[in-house]
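Remarks on the overall topology
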Amino acid sequence: MIKPDGVQRGLVGRIIQRIEEKGFKIVAMRLSVMDKERAEKHYAEHAGKPFYGDLVEFITSGPSVQMVVEGKGVISAIRKMNGATNPAEAAPGTIRGDFGIETGRNVIHGSDSPESAAREIALHFSDSEIFEYKRIDEPWLYE
Ligand code: DAT
Ligand code: MG
């Protein structure tokens, strides 16, 4: 998910470009303003933590881009491409390292496990919004 700061700062195209040129396949995508209920569910694992209220307020503050991205090793690869949670500690070359300064404005979210990906996908998309298709470069991406 490209968070509201990423949308406001005009980073949507550059972030999607990184995902596409890596070779990962976007199989669902939407721009929407998350309501409080969906945001609270999305970040349920952080409920009760001191930053939870601000996090929900921030994530619902404007349009964000939700995506389902597919590919071999995609979950850990996207987490690496996103960089450390705190952009100050994120390596240069990562999205947060290149585009962010503070933890509460870290531009992008990525699911952290197959279980959380399944939960988050079901929260944000219905089955009919997720597309199965072949990218023409797949034989050149996969051995
Ligand atoms: P990540 O987004 O890298 O998976 P996380 O799941 O630990 O990180 O936290 C979710 C989001 O919550 C994170 O992207 C930014 C915010 N956050 C996390 N820890 C925070 C903290 N100590 N202070 C403020 N915001 C925080
Ligand atoms: Mg997380």
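This report concerns the structure included in the present document. (Residues numbered from 1 in each chain as written. Chains lettered and ligands numbered in written order. Predicted model: local features only at pLDDT ≥ 70, side-chain atom pairs only at ≥ 80, totals over all residues. Heavy atoms only, no water.)

**Focus: the nonpolar core**
- I15, I19, F24, M67, V69 and I78 are the most contacted members of the largest nonpolar core, which has 18 residues in total.
- For this core, the secondary-structure elements that each account for two or more residues are α2 (12-22), β2 (64-70), α5 (74-82) and α6 (95-99).
- The element contributing the most residues to this core is α5, with 4 residues.
- With sequence-adjacent residues up to four places away left out, F24 is seen in contact with I19, V69, E70, G71, K72, V74, A77, I78, M81 and R135.
- A39, Y52, F58 and I59 belong to the second-largest nonpolar core, a separate cluster that totals 9 residues. (Core = buried A, V, L, I, M, F, W, Y, C linked by side-chain atoms within 4.5 Å. Buried < 20%, exposed > 50% of the residue type's maximum accessible area, 1.4 Å probe, protein only. Helix = DSSP H or I, 4+ residues; strand = E, 2+ residues; numbered from the N terminus. Contact = heavy atoms within 4.5 Å.)

**Concerning unusual backbone geometry**
- Unusually for a residue other than glycine, V107 sits at a positive phi of about 75°.
- Along the chain, the position of V107 falls in the loop between α6 and α7 (114-124).

**Here's the deal with the environment of S61**
- Residue position: S61 is located in the loop between α4 (52-59) and β2.
- Counting along the chain gives 25 residues from S61 to K36, while the straight-line C-alpha distance between them is 9.7 Å.
- Reaching out from S61, the side chain makes a polar contact with the backbone oxygen of F58 at a distance of 2.6 Å. (Polar contact = N/O pair within 3.5 Å; in protein donor to acceptor, adjacent residues only side chain to side chain.)

**Quick look at the pattern of salt bridges**
- Evaluation of the coordinates by the stated rule reveals 9 salt bridges.
- A salt bridge links K25 to E70; the shortest N-O distance between them is 3.8 Å. Of this pair, K25 sits in strand β1 (residues 25-32) while E70 sits in strand β2, and the two are 45 residues apart along the sequence.
- When its relative accessible area of 10% is taken as the criterion, K25 is described as buried.
- Overlapping salt bridges, with partners in common, bring together K25, E70, K134 and E138 in one network. (Salt bridge = Lys/Arg side-chain N within 4 Å of Asp/Glu carboxyl O.)

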